[in-house]
Amino acid sequence: MNLETELKAALRRQNPGPGFANRVVAATVPRRRTPIAVWAATMAAMLVAGIAINNEYQHRRAERASEQVMLALRITSEKLNVVRAKVLKLETPEEDLEKGN
Amino acid sequence: MMEGLAEAHISVGAVAGPDRFAQLVGRHQAMVFSMALAHLRNRAIAEDVAQEVFLELYRRLGTLESDAHVTNWLRRVTAHRLIDQAREWKRKPQTSLELVAEPVAGVRTGDLLLNETLQQLVGTLPEHARMIVILRFQEDLELAEIAEILDLPIGTVKSRLQRALVLLKDKLARRGVEMSL
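Because the structure is predicted, anything quoted here is derived from the model rather than measured.

Comments concerning the nonpolar core
One finds A:L7, B:F54, B:L57, B:L74, B:M131, B:V133 and B:L150 to be the most contacted residues of the largest nonpolar core, which totals 59 residues. In terms of residues, this core owes the most to one element, helix α2 (residues 17-40) of chain B, which gives 11 residues. When neighbours within four sequence positions are excluded, B:L74 is seen to be in contact with B:H28, B:M31, B:V32, B:V53, B:F54 and B:L57.

This is how it looks when you write it as structure tokens:
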């Protein structure tokens with residue numbers, strides 16, 4: 001027996017498993033990826049929404065603060081009116097006494 | 001070379017894009033896979049290596065003009081990739097069922113068992129010698145072509161082939177199979 005002849009027989013080409021070529025060709029098809037533009041647009045929309053929500057929150061806080069200030073002023077004003085009425089009431093009898101004399 | 005004249009005259013550029021690539025895979029898959037299988041002795045890993053080689057081909061398709069160019073490129077890339085892979089395995093030894101040598105109880109010559117024994121023995125050769133034997137006897141290449149593919153001087157290819165054949169002959173003799181060179 002000749003070694004070279006036997007080696008040629010032993011090392012004959014073989015085919016890979018069925019579907020190999022299809023798998024290789026399929027591996028060249030790029031997977032669908034979300035384009036960078038879509039990511040950028042999503043991030044921008046989220047940023048704008050975040051700013052709008054924050055603005056609304058700040059606006060409502062300011063409104064509430066303003067209402068509280070107005071309420072405080074009203075209460076203060078009412079208290080002052082009460083004090084003023086009492087002061088006037090205290091002053092009036094003395095004058096009347098002086099006028100009566 | 002094993003590619004027939006009918007195959008060789010088909011221009012690679014004649015078929016465009018994915019169709020061209022699919023045709024090339026169909027035409028060369030047995031060559032690339034068999035080189036990998038003979039070198040690695042593991043069908044699954046051989047298919048993985050073959051797939052990597054073809055994907056590399058896909059990326060380089062625009063630079064390869066003729067079918068002969070593609071064939072040569074595939075042999076070259078496959079050979080170097082396999083030698084690198086074998087060196088990697090040497091550094092980090094791995095064991096798979098297919099890589100474990102099966103005990104041979106008396107080789108019956110002229111049958112499938114002899115083929116299997118020869119494939120196993122080829123798998124025990126050093127990386128370069130193994131590839132030289134594969135390119136010589138599987139791909140039917142001349143020594144000058146092998147030297148070009150492996151970037152080795154032709155004298156080195158010749159001496160390594162001779163040493164590999166003597167080694168294989170001795171190993172077969174130890175198993176009771178006498179062969180001439």
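Additional details are given in the paragraphs that follow.
Re a nonpolar patch on the surface
Taken together, A:V69, A:M70 and A:L73 make up a surface patch of nonpolar side chains, about 290 Å² in accessible area. Assignment of secondary structure puts A:V69 in helix α3 (residues 36-100).

Notes on the confidence of the model for chain B
All names here are of chain B. When pLDDT is averaged along chain B, the result is 84, and 81% of the positions lie at 70 or above. Throughout residues 1-15 the model reports pLDDT below 50, and contacts reaching past four residues in sequence, or to other chains, amount to 29 contacts. Every residue in residues 100-109 is under pLDDT 50, and counting partners more than four places away or in other chains gives 16 contacts.

As for the side chain of B:H39
Residue and element names in this part refer to chain B. As for its placement among the helices and strands, H39 is situated in helix α2. What makes H39 buried here is its relative accessible area of 2%. There is a polar contact of 3.3 Å between the side chain of H39 and the backbone oxygen of E127. Here H39 is in contact with L82, I83, A86, E127, R130, M131 and I134, once residues within four sequence places are set aside.

Comments concerning the interface of chain B and chain A
The partner chain A presents 23 residues to the 42 residues of chain B that form the contact. With both sides pooled, the region where chain B packs onto chain A buries about 2900 Å², and carbon together with sulfur makes up 65% of that total. Per-residue buried area on chain B facing chain A is highest for B:Q29, B:E47 and B:F137; these three make up 19% of the total on that side. Linking chain B to chain A there are three salt bridges. For the salt bridge of B:E47 with A:R23, the shortest nitrogen-to-oxygen distance reads 2.8 Å.

Parameters at a glance
- Residues numbered from 1 in each chain as written.
- Chains lettered and ligands numbered in written order.
- Predicted model: local features only at pLDDT ≥ 70, side-chain atom pairs only at ≥ 80, totals over all residues.
- Heavy atoms only, no water.
- Core = buried A, V, L, I, M, F, W, Y, C linked by side-chain atoms within 4.5 Å.
- Buried < 20%, exposed > 50% of the residue type's maximum accessible area, 1.4 Å probe, protein only.
- Helix = DSSP H or I, 4+ residues; strand = E, 2+ residues; numbered from the N terminus.
- Contact = heavy atoms within 4.5 Å.
- Patch = residues over 30% accessible without salt bridge, like charges linked within 9 Å, V, L, I, M, F, W, Y side chains within 5 Å.
- Areas by Shrake-Rupley, 256 points an atom, 1.4 Å probe, with all protein chains shown as cover.
- Salt bridge = Lys/Arg side-chain N within 4 Å of Asp/Glu carboxyl O.
- pLDDT = per-residue confidence, 0-100.
- Polar contact = N/O pair within 3.5 Å; in protein donor to acceptor, adjacent residues only side chain to side chain.
- Buried area = accessible area lost by both parts, 1.4 Å probe.

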